[in-house]
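Letter by letter, the chains look like this.
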Amino acid sequence: MASSEVKVTLMPKVEVALATDNPNIGELVDTAVLYRDSLDISAISVTCEDETFDAQSFTEIVKDSIKQLIEAIELERDAFDKAILSLETKDSQK
C-alpha cells in the first residue's frame, strides 16, 4: 500500500499530518500537549483520502488517547501543586 496522509484536526487552524506507513505520533502528542488547555476533545476530527483507511475508528482512538494524556497531565500538575504547597507550608512553619 502506498503511503497516504492522515490529517488530524485538533482545533481550527491546528492540524497534524501523519503518514499512514510511518506516522509521527510524537508530533501529534506534542501538539496536543501544547494546546491542551484549549482543546475540545469532541471536536477533534480525522480525514484521509485513502478510502480503505478507517478514519472514524482512528478518530475515536485519537480522542480517547488525547483525553487520557490530558487527564494524566492534570493529575501530575495537581500532585506537583500539592507538593509545592506542602513545602511552602513547612518552610513557613520554621
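Residues numbered from 1 in each chain as written. Predicted model: local features only at pLDDT ≥ 70, side-chain atom pairs only at ≥ 80, totals over all residues. Heavy atoms only, no water.

Among the surface-exposed residues, Glu71, Glu74, Asp78 and Asp81 lie close enough to one another that they form a single negatively charged patch. On the secondary structure map, glutamate 71 appears in helix 2 (residues 55-92). (Patch = residues over 30% accessible without salt bridge, like charges linked within 9 Å, V, L, I, M, F, W, Y side chains within 5 Å. Areas by Shrake-Rupley, 256 points an atom, 1.4 Å probe, with all protein chains shown as cover. Salt bridge = Lys/Arg side-chain N within 4 Å of Asp/Glu carboxyl O. Lys, Arg positive; Asp, Glu negative; His and termini not counted. Charge placed at Lys NZ, Arg CZ, Asp CG, Glu CD. Helix = DSSP H or I, 4+ residues; strand = E, 2+ residues; numbered from the N terminus.)

What follows covers the pairing of strand 1 (residues 5-11). In this structure, strand 1 lies alongside strand 2 (residues 14-19), joined through 6 bridges in antiparallel fashion. Paired with valine 8 across the two strands is valine 16, which belongs to strand 2. If you look at the hairpin formed by strand 1 and strand 2, you'll find 2 residues sitting between the two strands, and lysine 13 has a positive phi there, around 70°. Here strand 1 pairs with strand 3 (residues 45-48) via 4 bridges, running antiparallel. Along strand 3, the bridge assignment pairs lysine 7 with threonine 47. (Pairing = 2+ DSSP bridges.)

Okay, a nonpolar patch on the surface next. Together, Phe80, Ile84 and Leu87 line one region of the surface with nonpolar side chains, adding up to about 300 Å² of accessible area. Secondary-structure assignment places phenylalanine 80 in helix 2.

By size, the foremost hydrophobic cluster in this structure holds 16 residues, and its most contacted members are Val8, Leu10, Leu28, Leu39, Val62 and Ile66. Put simply, the parts of the chain that give this core at least two residues each are strand 1, strand 2, helix 1 (25-34) and helix 2. In this structure, valine 62 is in contact with Val8, Leu28, Ile44 and Val46, ignoring residues within four places of it in sequence. (Core = buried A, V, L, I, M, F, W, Y, C linked by side-chain atoms within 4.5 Å. Buried < 20%, exposed > 50% of the residue type's maximum accessible area, 1.4 Å probe, protein only. Contact = heavy atoms within 4.5 Å.)

With respect to the helices, strands and loops of the structure, proline 12 is situated in the loop between strand 1 and strand 2. Judged by its relative accessible area of 69%, proline 12 falls in the exposed class. When the C-alpha atoms of proline 12 and leucine 39 are compared, they prove to be 9.9 Å apart, with 27 residues separating the residues in sequence.

Attention now moves to the packing of aromatic side chains. Taken as a whole and judged by the stated rule, the model has 1 aromatic pair. Arranged with centres 5.5 Å apart and planes meeting at 65°, the rings of phenylalanine 53 and phenylalanine 58 form a pair that is edge-to-face. (Phe/Tyr/Trp six-rings, centres within 6.5 Å; stacked < 30°, edge-to-face > 60°.)

This part is about the sheet that holds strand 3. Spatial strand order, 2-1-3: 3 strands in an open sheet with antiparallel pairing. Only two strands of the sheet have a single partner each, and these edge strands are strand 2 and strand 3. When strand polarity is set aside, the average angle formed by the axes of neighbouring strands in this sheet is 20°. Set on the sheet, helix 1 makes contact with strand 1 and strand 2; between it and strand 2 the angle comes to about 165°. (Axes fitted to C-alpha atoms, helices over the stretch in contact; angles between N-to-C directions.)

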